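Fold and contact review
Residues per chain, in single letters:
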Amino acid sequence: MDYNYLAELLFPNIKTTPADMEERYPARELPEGAKVTRFAPSPTGFVHFGGLFPSTVAERLAHQSGGVFYLRIEDTDAKREVEGAAEGLIRTLATYGIEFDEGAILDESGKISDKGAYGPYKQSMRGEIYQTFAKQLVSEGKAYPCFTTEEELDELQQIDKKTEIKNTDWQAEAEKKKAEMLARRNFTIEEVEEHLKAGHPFVIRILAEGNPDNKIKFTDLVKGNIEIPENDEDFVLLKSDGIPTYHFAHAVDDHLMGTTHVIRGEEWLPSLAKHLQLFRYLGFKTPKYMHISQIMKLDDNGNKKKLSKRDMGANMDDYTRMGYCPEAVCEYIMTLLNSNYEEWHTQNADKGYKDFPFNIKKMSVSGCLFDFDKLNDVSKNVISKMDAAYVTEKVTEWALEFDPEFGKALASDKAFAEKIFAIGRGGKKPRKDLATWADAKPYMGFFYDEFFKVEDSYPENFDKADIAATLEKFLESYDEKDDMNTWFDKVKAIADSLGFSPDMKAYKQNPEAFKGSVADTSMFIRVAVTGKQNAPDLYTVMQIIGKEKTAERINKMINSLK
RNA sequence: GGCCCGUUGGUCAAGCGGCUAAGACACCGCCCUUUCACGGCGGUAACGGGAGUUCGAUUCUCCCACGGGUCACCA
């Protein structure tokens, strides 16, 4: 068969050659060891946690090596494309510290535009490039047209699906598919001409010559040495609309754009043989590959499953809603990505995660379970190191969007809010009350009258009269100007006068001798003022809310005890 | 079902032929403490199973089991 003629027949409008493309996209000039990586999402939805993983690795590797990190939009499936998804993706990524040097970026108006010399960075706009290489492959007899329609394929699939219900005969199906594939390869130039004349759509398939019994030895930077069978499937290169499939676009783009390291989820491992074949057919140097393990979750049966888009914790917007700060999420990701990150971080407490020397060798080979407990712990530590002004700003920002009433209260007096968030902050052993911004309200909402309510009641074993007496005496003696020690000495005195031990040691040694201890009398006051048995330091709380309000709340409690 | 990957405590994980098998989270106890939070100390808890190689296997090889992924004109 005259393959050159066939190629001409199929691609009459393509006048460019692979050599033209090589010229248009020359090799990058970068220092030794610089890595070029990319994030290549399809604009079909939101960024999810699983997607943040490989992109964090790619970003770190590129920027740590003085290389280039770029964004390529894989919009080759028009059917699945979601309006505005690409823009959302870019914005979300940016909030998690993933910034691109090159590729599809947002301009001032919030629209996507290209930056860099290797564009366009939207695959839908690179038709000519792909077709140039496809034409080349056809002319070399390495690819061929296939006129089987989508409907015909669907029909075959439906038959298969029916049998699948009753235990698919996988072997029979495989044989059938193989036979169909072989049949597709048998065609004549005349048949092609006829189809074209009739305007029939076609796809371009690769002519696979691999033998699956032969294993390719391959080294993945994460998985290590693996063996994969050669590809023997005539997979589609160009769809009937002239747009490439992922496989073909991956080979062409990553070659032309100079990607040195392809970082992607391990779900791509099974199709690696296809990609290697393509790189060989096209005469491209294969990049290094890193197949990263999936994030898992526990399903209802207690089995690990890939964290899918619908799962809680998948959508990054969920984290925003729940009030997690990006800094914490990034750190959590680092702890999962590099097992020695935490150790490094404790030794370099003042440094950010981007200072951490990320090491490919420290990456886990198996998929890990998403753990909210751990995220919360990381988050508490991260937030405990922030200063009061920053926390105030962030909580307010969050609340204004997700809890407007609370947000308005915070925003109405910034200095007041800041005083509250300053409690126990800044020292060597900072309080760790907040894992999320959403934790703020239950923690300190009582400072505001509109959110104050008596949540905890007094334990039954205390006499109401004692409680009321404590509160009354406290009010009488309370002086806002007292320092913490005199303040507490007064509380002790009240305790003593009512038969409660002012000394904890004495009480513990002989609890029978007292009605209770100063811990209890303190609790009486605490519940009246904060509404809760557990709260930050009572003295400081009173200093912040002021004498008037303190008295008001205590009086109210006294009345309710009568 | 074929193919590929994986399997150390509840979770994340060190380990890369010889260790009382680290550490972190969670959990429990004690201490500190007027509550809480923090902090300190301690505790429960693991190499999926079976062969082989070896003086010696968590570590190397094979088999099995289990888990995951994948088998589209989706990425």
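Residues numbered from 1 in each chain as written. Chains lettered and ligands numbered in written order. Predicted model: local features only at pLDDT ≥ 70, side-chain atom pairs only at ≥ 80, totals over all residues. Heavy atoms only, no water.

For chain A, the helix and strand inventory stands at 23 helices and 16 strands. The C-alpha radius of gyration of chain A comes to 33 Å, more than 25% above the 24 Å expected for a compact globule of 562 residues. Projecting the C-alpha coordinates of chain A onto the three principal axes gives extents of approximately 110 × 55 × 40 Å. Across chain A, every contact between residues at least 6 apart in sequence was considered, and the portion connecting residues at least 24 apart equals 73%. (Helix = DSSP H or I, 4+ residues; strand = E, 2+ residues; numbered from the N terminus. Rg over C-alpha atoms; globule rule 2.2 N^0.38 Å. Contact = heavy atoms within 4.5 Å.)

Reading across from one edge, β5-β6-β9 is the order of the three strands in this open sheet, with antiparallel pairing throughout. Edge positions in the sheet fall to β5 (143-146) and β9 (236-238), since each has one partner strand and no second. Within the sheet, the average angular offset between the axes of one strand and its neighbour, ignoring direction, is 45°. Examined bridge by bridge, strand β6 (residues 203-206) and β9 share two bridges and lie antiparallel to one another. When the sheet's bridge partners are listed, I204 is paired in β9 with L238. Sheet strands touched by helix α5 (residues 127-139): β5, β6 and β9. Its angle to β9, the strand with the most contacts, is close to 125°. (Pairing = 2+ DSSP bridges. Axes fitted to C-alpha atoms, helices over the stretch in contact; angles between N-to-C directions.)

Another point: the sheet that holds strand β3 (residues 102-106). Read from one edge to the other, the open sheet built from four strands follows the order β1-β2-β3-β4, with strand pairing classed as mixed. At either end of the open sheet lies a strand with only one pairing partner, and these are β1 (36-39) and β4 (112-115). Adjacent strand axes in the sheet meet at a mean angle of 35°, parallel and antiparallel pairs treated alike. Where β3 and β4 come together, four bridges link them in antiparallel fashion.

Turning our attention to the packing of aromatic side chains. In this structure the tally under the stated criterion is 37 aromatic pairs. Both rings, one in Y341 and one in W344, keep their centres 5.7 Å apart while their planes meet at 35°; by these two values the pair is tilted. Residue Y341 and its partner W344 are located together in helix α13 (residues 341-347), separated by three residues, close to a single helical turn. A relative accessible area of 1% means that Y341 is categorised as buried. An aromatic cluster of three or more residues is present, and its members are F49, F53, Y319, Y324, Y332, F370 and F372. Geometry around Y25 places R126 over its ring, the cationic atom sitting 5.5 Å from the centre. When the ring centre of F452 is taken as origin, the NZ or CZ atom of R553, which lies over that ring, is 3.8 Å away. (Phe/Tyr/Trp six-rings, centres within 6.5 Å; stacked < 30°, edge-to-face > 60°. Buried < 20%, exposed > 50% of the residue type's maximum accessible area, 1.4 Å probe, protein only. Lys NZ or Arg CZ within 6 Å of the ring centre and 35° of its normal.)

Attention now moves to the confidence of the model for chain A. Scored by pLDDT, chain A has a mean of 92; 98% of the residues are at 70 or more. Within the model, pLDDT remains below 50 along residues 161-166, and this stretch shows two contacts once partners closer than five positions in the same chain are excluded. (pLDDT = per-residue confidence, 0-100.)

Let us now look at the environment of D479. Considering the arrangement of structural elements, one finds D479 in the loop between α19 (464-477) and α20 (484-497). What makes D479 partly exposed here is its relative accessible area of 34%. When the C-alpha positions of D479 and K547 are compared, they lie 8.0 Å apart, and in sequence the two are 68 residues distant.

Let us now look at the domain arrangement of chain A. Many structure descriptions define interface size as the accessible area lost when the parts assemble. Domains assigned within chain A are domain 1 (3-13 + 127-292), domain 2 (31-125), domain 3 (297-384), domain 4 (388-451) and domain 5 (464-561). A straight line from the C-alpha centre of domain 3 to that of domain 4 covers 24 Å. If you look at the interface, domain 3 gives 13 residues, while domain 4 gives 13 residues. Roughly 1100 Å² of surface becomes buried between domain 3 and domain 4 when both sides are summed, with 57% attributable to carbon and sulfur atoms. Counting the surface domain 3 buries against domain 4, the share from its top three residues, K380, I383 and S384, is 46%. There are zero salt bridges connecting domain 3 and domain 4. (Domains from an automatic or database assignment. Buried area = accessible area lost by both parts, 1.4 Å probe. Salt bridge = Lys/Arg side-chain N within 4 Å of Asp/Glu carboxyl O.)

Moving on, we come to the packing of helix α1 (residues 3-10) against α5. Look at α1 against α5: their axes get within 7 Å of each other, and the N-to-C directions meet at 150°. By the angle between their axes, α1 is roughly antiparallel relative to α5. Remark: the crossing between α1 and α5 carries right-handed chirality. Contact with α1, carried on its side by Y3, N4, L6, A7, E8 and L10, involves K135, V138 and S139 of α5 and no other residues of that element. (Parallel < 35°, antiparallel > 145°, perpendicular 65-115°, else oblique. Left-handed = near helix turned anticlockwise from the far one by under 90°.)

Going through the model one piece at a time under the given rule, you end up with 27 salt bridges. Linking R60 and E59 is a salt bridge whose minimum nitrogen-to-oxygen distance equals 2.9 Å. For the residue pair R60 and E59, the accessibility class agrees, reading buried in each case. With its nearest N and O atoms 3.4 Å apart, the salt bridge here joins E209 to R280.

What follows is about the protein's contact with RNA strand B. Neighbouring RNA strand B are 60 residues; K239, K305, K374, R431 and N534 lie closest to it. R431 is positioned with one of its side-chain polar atoms (N or O) 2.4 Å from a base oxygen of RNA strand B. One of the side-chain N or O atoms of R526 is found 2.8 Å from a base oxygen in RNA strand B. Looking at the surface near RNA strand B residue by residue, the classes come out as 21 nonpolar, twelve polar and 27 charged. (Near = heavy atom within 4 Å. Polar contact = N/O pair within 3.5 Å; in protein donor to acceptor, adjacent residues only side chain to side chain. Nonpolar A, V, L, I, M, F, W, Y, C, P; charged D, E, K, R; others polar.)

Here the focus is the pairing of β6. Here β6 shows no split at all, with V203 and R205 on one side and I204 and I206 on the other all buried. Note that β5 and β6 share four bridges and pair antiparallel. By the bridge assignment, P145 is partnered in β6 with I204.

When you line up the elements, T392 lands in helix α15 (residues 388-402). Those residues in contact with T392, other than ones at most four positions away along the chain, are K414, A417, E418 and F421.

Looking at where Q509 falls in the secondary structure, it is placed in helix α21 (residues 504-509). The class of Q509 is exposed, set by a relative accessible area of 70%. Along the backbone, Q509 and I14 are 495 residues apart, and their C-alpha atoms lie at a distance of 94 Å.

Here helix α3 (residues 49-64) crosses helix α12 (residues 326-337) at 70°, and the two axes come no closer than 11 Å. Taken together, the axes of α3 and α12 are roughly perpendicular relative to one another. Residues F49, L52, F53, T56 and V57 of α3 pack against V329, Y332, I333, M334, L336 and L337 of α12. Looking at side-chain class alone, the contact of α3 with α12 contains ten nonpolar, one polar and no charged residues.

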